[in-house]
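Chain residues, written in single-letter form:
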Amino acid sequence: MTNLKPRDRILVALDTPDGARAGDLSRALGGYVGGIKLGLEFFNANGPQGVRDVAQAASEGAPPPLFLDLKFHDIPNTVAGAVRSVMPLAPAILNVHAAGGLVMMTTALEAATEEAAHLGIARPMLIAVTVLTSLDDDDLAAVGQATPARDQVLRLAALTQKAGLDGVVCSAKEIAAIRAECGPDFKLIVPGIRPAGAALGDQKRVMTPKQAIAEGADYLVIGRPITGADDPAAAAAAIAAEVEA
Ligand code: C5P
């Protein structure tokens, strides 16, 4: 693992369709988190220009690293085109669904690498989603996957690694098994994080930031415990301090 400061491991999820609110949060959190995550809700409401506005709001100087959580899943040619289309936004992290298959992932990686070189920017970390944590074994069986969710997560993590991608998004409970399967350099981005005593919201299987880092998470995706706080910057600072303690 790299020697990132605890603060740099926090990616704050700005889950809102409201561009002004995302801009305010981004401005308040500049310097307190390692990056901002914008996903489908924000992107479909505000588009690429909305992403630029939020990134710019975060700081007068360099914008914070951007995790563009768009979870691409389509035929390889279309996913490669989607990757190229978002590369001018210079995302630090970009993701696809591992279930799209090996060729879809390798094609996405090639597109990201080529387009980054063309634009003269760093290639984003390319991450895959394995099995959505909203799906249990019964849900998988209903779509024709008889494999238990846990086995499917490991299978797709291994496929992601074979495709040359940088890592996966996973639940805190999956960290140890994926680390064992994929080794120390495979990046693990972990949502479902709750500081001790924080409201769970709709998250069921949570871990504290400190536990998740101790298990081997590289980055923590944290939304409401930061964005729902009266003082988001103070909440982010408290989480970083909790990890460091
Ligand atoms: O507010 P909260 O901390 O629960 O936000 C977690 C973020 O991580 C949300 O953006 C959510 O969509 C995302 N996420 C998740 N579980 C996954 C994958 C992503 O909670 N398995």
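1. Description of the overall build of the protein chain
Move 1: Helix and strand counts for the protein chain stand at 10 helices and 8 strands.
Move 2: The C-alpha radius of gyration computed for the protein chain amounts to 17 Å, which stays within 12% of the reference 18 Å derived for 245 residues, consistent with globular compactness.
Move 3: Buried positions account for 50% of the 245 residues belonging to the protein chain.
Move 4: The long-range share in the protein chain, meaning contacts at least 24 apart out of those at least 6 apart in sequence, stands at 66%.
Move 5: Distance between charge centres in the protein chain, computed from 21 positive and 28 negative side chains, equals 3 Å.

2. Quick word on the pairing of strand 1 (residues 10–13)
Move 1: Across the two faces of strand 1 the burial is the same, with Ile 10 and Val 12 and Leu 11 and Ala 13 all buried.
Move 2: In this sheet, strand 8 (residues 219–222) lies alongside strand 1 in parallel orientation, the contact comprising 3 bridges. Bridging across to strand 8, Val 12 finds its partner in Ile 222.
Move 3: Judged from the 3 bridges that link them, strand 1 and strand 2 (residues 35–39) form a sheet pairing that is parallel. By the bridge assignment for strand 2, Leu 11 is matched with Gly 35.
Move 4: The parallel pair strand 1 and strand 2 is bridged by helix 1 (residues 19–29), and the resulting crossover is right-handed.

3. Examining the sheet that holds strand 3 (residues 66–72)
Move 1: Reading around the circumference, 1-2-3-4-5-6-7-8 is the order of the 8 strands in this closed barrel, with parallel pairing throughout. The mean inter-strand angle of the sheet, taken between neighbouring strand axes irrespective of direction, is 25 degrees.
Move 2: Bridge analysis of strand 4 (residues 93–97) against strand 5 (residues 125–129) gives 5 bridges, and the strand direction is parallel. Residue Leu 94 lies in a different strand from strand 5, and its bridge partner there is Leu 126.
Move 3: Running over the sheet, helix 2 (residues 40–58) touches strand 2 and strand 3 and is turned about 135 degrees from strand 2.

4. Some details on unusual backbone geometry
For residues other than glycine, phi is negative in most cases, and the peptide bonds are mostly trans.
Move 1: For Lys 71, which is not glycine, the phi dihedral falls at a positive 45 degrees.
Move 2: Given the relative accessible area of 27%, Lys 71 is considered partly exposed.
Move 3: Despite not being glycine, Ala 90 has its phi angle at roughly 50 degrees, a positive value.
Move 4: Mapped onto the secondary structure, Ala 90 falls in the loop between helix 3 (76–86) and strand 4.

5. Observations concerning the site of the ligand
Move 1: Taken together, the residues surrounding the ligand are Ala 13, Asp 15, Lys 37, Thr 133, Pro 191, Arg 194, Gln 203, Val 221, Ile 222, Gly 223, Arg 224 and Pro 225.
Move 2: Between an oxygen atom of the ligand and a side-chain N or O atom of Asp 15, the distance comes to 2.7 Å.
Move 3: Here an oxygen atom of the ligand sits 2.9 Å away from a polar atom, N or O, in the side chain of Lys 37.
Move 4: Protein burial of the ligand: of its 460 Å² of free accessible surface, 81% is covered by the chains.

6. Details of the nonpolar core
Move 1: Ranked by size, the top nonpolar core spans 66 residues in total, and within it Leu 68, Val 83, Val 96 and Ile 178 carry the most contacts.
Move 2: Not counting residues within four places of it along the chain, the set of residues in contact with Ile 178 comprises Val 153, Leu 154, Ala 157, Val 168, Cys 170, Gly 183, Phe 186 and Leu 188.
Move 3: Counting 11 residues, the second largest nonpolar core, distinct from the first, contains Leu 11, Ala 13, Ile 127 and Val 129.

7. Let's talk about the pairing of strand 4
Move 1: Burial within strand 4 is extensive, with 5 of its 5 residues counted as buried.
Move 2: Both faces of strand 4 are covered, namely the face carrying Ile 93, Asn 95 and His 97 and the face carrying Leu 94 and Val 96.
Move 3: Relative to strand 4, strand 3 is paired through 3 bridges, and the arrangement is parallel. Within strand 4, the position partnered with Phe 72 by the bridge is Val 96.

8. Here's the deal with the pattern of salt bridges
If the charged atoms of two oppositely charged side chains come close together, the side chains can form a pair.
Move 1: On inspection of all chains with the given rule, the structure shows 7 salt bridges.
Move 2: Among the ionic pairs, Asp 24 bridges to Arg 27, the shortest N-O distance being 3.0 Å. Of this pair, Asp 24 and Arg 27 both sit in helix 1, 3 residues apart, which is roughly one turn of that helix.
Move 3: Asp 24 sits in the partly exposed class, given a relative accessible area of 45%.

9. So, helix 2
An α-helical turn contains 3.6 residues, so any two residues separated by three or four positions project in the same direction.
Move 1: With 19 residues, helix 2 ought to run about 27 Å at 1.5 Å a step, yet its terminal C-alpha atoms sit only 20 Å apart, falling short of that.
Move 2: When the local axis directions of helix 2 are compared, the greatest deviation, roughly 110 degrees, occurs at Gly 47, which is followed within four positions by the proline Pro 48.
Move 3: Within the span of helix 2, buried status applies to Phe 42, Phe 43, Gly 47, Gly 50, Val 51, Val 54, Ala 55, Ala 57 and Ala 58.
Move 4: On its buried side, helix 2 packs onto helix 1, strand 2, strand 3 and helix 3.

Thresholds, definitions, all that
Residues numbered from 1 in each chain as written. Predicted model: local features only at pLDDT ≥ 70, side-chain atom pairs only at ≥ 80, totals over all residues. Heavy atoms only, no water. Helix = DSSP H or I, 4+ residues; strand = E, 2+ residues; numbered from the N terminus. Rg over C-alpha atoms; globule rule 2.2 N^0.38 Å. Buried < 20%, exposed > 50% of the residue type's maximum accessible area, 1.4 Å probe, protein only. Contact = heavy atoms within 4.5 Å. Lys, Arg positive; Asp, Glu negative; His and termini not counted. Charge placed at Lys NZ, Arg CZ, Asp CG, Glu CD. Pairing = 2+ DSSP bridges. Right-handed = clockwise from strand over helix to strand, strands pointing away. Axes fitted to C-alpha atoms, helices over the stretch in contact; angles between N-to-C directions. Near = heavy atom within 4 Å. Polar contact = N/O pair within 3.5 Å; in protein donor to acceptor, adjacent residues only side chain to side chain. Areas by Shrake-Rupley, 256 points an atom, 1.4 Å probe, with all protein chains shown as cover. Core = buried A, V, L, I, M, F, W, Y, C linked by side-chain atoms within 4.5 Å. Salt bridge = Lys/Arg side-chain N within 4 Å of Asp/Glu carboxyl O. Expected span 1.5 Å × (residues − 1). Bend = angle between axes of the 7 residues up to and from the residue.

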